[in-house]
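What follows is the residue order along each chain.
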Amino acid sequence: MKITGIELRLVDLPLVTPFQTSFGVELSRHALLVRAATDDAEGWGECVAIDDPVYSSEYAGGAIDVLKRFLIPAVLAPGRVTAAGVAPLVDKFKGHRMAKAALETAVLDAELRIAGLPLSGYLGGVRPAVPVGVSVGITDTIEKLLDNVQGYLDEGYGRIKLKIQPGWDLEPTRAVREHFGDDLMLQVDANTAYGPADLPHLVKLDPFDLLLIEQPFDEEDLRTHTRLREMSTTPVCLDESILSARSTVDALAIGACDIVNIKPGRVGGFLEARRIHDVCVAHGVPVWCGGMLETGLGRAANLALAALPGFTLPGDISSSARYFDRDLTEPFVAEGGMMAVPTGPGIGIDPDPQALSELTTWSEWVTA
Ligand SMILES: CC(=O)N[C@@H](Cc1ccc2ccccc2c1)C(=O)O
Ligand SMILES: [Mg+2]
């Protein structure tokens with residue numbers, strides 16, 4: 001497939017409410033989009049990097065730079081490219097998995113639209129709809145948290161994930177468990193906010209019968225996750241530590257996790273995400289699809305991945321309205337805690353031209 005050019009675009013989608021995690025408060029989603037133009041179709045990729053390098057070492061400005069100076073020229077140089085050919089072409093550039101993921105996904109989407117093949121079918125999806133959950137930010141008070149959780153349960157979400165951090169962990173989790181009962185599917189996500197000294201404290205989450213505790217320790221600290229698993233009955237899930245199939249094998253080999261949160265944007269794209277899925281299935285480890293407050297473009301692609309057989313736990317693919325008053329695409333809506341997997345070619349959805357134009361803050365063409 002010949003790519004005639006690549007467009008980089010920044011869009012700014014205000015969040016309906018501030019989203020507070022252990023690494024900060026987000027008021028809007030500044031998303032970096034990659035559009036691959038060919039004579040027969042265009043393909044979209046969404047880079048999940050946020051403005052500042054506080055979730056991972058990547059950030060939007062750095063992704064733009066590495067795409068413009070290194071990744072896009074390497075992919076355009078051969079004249080023709082396939083999605084499978086992107087990773088080998090950019091492998092000589094170390095890291096920058098979020099930037100690489102957006103580029104590979106744009107090429108894959110264009111390739112699949114031309115072939116008339118839905119992303120879910122291409123990846124090996126087996127279900128027409130997937131269970132979805134919701135990630136609930138840190139709030140000023142327990143009452144506000146309980147109100148927020150009630151609101152999401154009223155919208156039909158079956159699984160609640162609470163952001164936690166030192167000083168906001170046992171009490172909010174206990175309050176939600178006690179208020180909503182033992183049947184609620186409940187999990188927590190610390191985004192690496194704890195250290196080895198907190199091990200005895202985190203074991204106190206065990207009575208709340210959580211589905212999992214997500215990434216309590218540093219991305220590079222697999223050993224302390226292993227120690228928590230030895231001390232606690234709560235299953236341990238990794239997010240930030242899972243960068244590739246190789247790092248997944250290492251994490252499983254040292255017993256660092258029971259469950260894996262797969263984010264295609266974090267691991268370099270959907271092809272690597274499928275490899276991680278396959279490794280986890282081979283080890284009997286359940287996976288679920290994490291979220292990075294993607295626009296409808298990234299949300300559509302994540303739904304395709306979540307349809308693979310090993311994705312047996314509800315993901316963080318919430319309705320568009322959970323985050324945005326206005327999405328770039330037709331809004332995605334969870335019904336009864338389920339969301340339909342797109343069936344059109346490629347990611348199966350297009351941005352609304354007017355929304356795209358009005359929400360764009362910057363764009364630039366990059367040609368060979
Ligand atoms: C749904 C969820 O909790 N996502 C990430 C964290 C996260 C939190 C806040 C974000 C703000 C802007 C962009 C991406 C973000 C990702 C996680 O699972 O760890
Ligand atoms: Mg997480």
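All of these numbers come straight from a predicted model, not from anything done at the bench.

Comments concerning the sheet that holds strand S6 (residues 159–163)
- With parallel pairing, the seven strands of this open sheet are ordered in space as S5-S6-S7-S8-S9-S10-S11. This sheet does not close on itself; its edge strands, each paired only once, are strand S5 (134–136) and strand S11 (287–289).
- Each of strand S8 (213–214) and strand S9 (236–238) touches helix H8 (residues 222–231); the most contacted strand, S9, lies at about 160 degrees to it.

Points about the packing of helix H11 (residues 270–282) against helix H12 (residues 296–306)
- Contact pair H11 / H12: the axes reach a minimum separation of 11 Å and the direction vectors enclose 30 degrees. By the angle between their axes, H11 is roughly parallel relative to H12. The chirality of how H11 crosses H12 is right-handed. Here Phe270, Ala273 and Arg274 of H11 come into contact with H12, specifically with Ala301, Asn302 and Leu305.
- Partitioned by chemical class, the residues of the contact of H11 with H12 number four nonpolar, one polar and one charged.

Some details on the UniProt feature "domain: Mandelate racemase/muconate lactonizing enzyme C-terminal" (unreviewed entry) in the chain
- According to UniProt, the positions carrying the feature "domain: Mandelate racemase/muconate lactonizing enzyme C-terminal" (unreviewed entry) are residues 142–235.
- Each end of residues 142–235 is marked by a C-alpha atom, and these two atoms are 25 Å apart; helix forms 40% of the span and strand 13%.

Here's the deal with the sheet that holds strand S1 (residues 3–21)
- Strand order in the open sheet formed by four strands is S3-S2-S1-S13, and the pairing between neighbours is antiparallel. Edge positions in the open sheet fall to strand S3 (42–47) and strand S13 (360–366), since each of these has one partner strand only. Sheet twist, expressed as the average angle between the axes of neighbouring strands with direction ignored, equals 20 degrees.
- As judged from the six bridges shared by S1 and S13, these two strands associate in the antiparallel manner. Counterpart to Arg9 in the pairing with S13 is Ser363.

Topic: the coordination of the magnesium ion (ligand 2)
- Around the magnesium ion (ligand 2), the donor atoms from the protein are Asp189 (OD), Glu214 (OE) and Asp239 (OD), and they sit 2.1 to 2.2 Å away.
- All donor residues of the magnesium ion (ligand 2) come from one chain, and their arrangement in sequence is D-x24-E-x24-D. You can see Asp189 sitting in strand S7 (residues 185–189) and its partner Asp239 sitting in the loop between S9 and helix H9 (245–253), a full 50 residues away along the chain.
- Owing to a relative accessible area of 0%, Asp239 belongs among the buried residues under this scheme.

Rules and cut-offs
Residues numbered from 1 in each chain as written. Chains lettered and ligands numbered in written order. Predicted model: local features only at pLDDT ≥ 70, side-chain atom pairs only at ≥ 80, totals over all residues. Heavy atoms only, no water. Pairing = 2+ DSSP bridges. Helix = DSSP H or I, 4+ residues; strand = E, 2+ residues; numbered from the N terminus. Contact = heavy atoms within 4.5 Å. Axes fitted to C-alpha atoms, helices over the stretch in contact; angles between N-to-C directions. Parallel < 35°, antiparallel > 145°, perpendicular 65-115°, else oblique. Left-handed = near helix turned anticlockwise from the far one by under 90°. Nonpolar A, V, L, I, M, F, W, Y, C, P; charged D, E, K, R; others polar. UniProt positions renumbered as here; feature names shortened; annotations may be inferred. Donors = N, O, S within 2.8 Å, 3.2 Å for Na, K, Ca; no water. Buried < 20%, exposed > 50% of the residue type's maximum accessible area, 1.4 Å probe, protein only.

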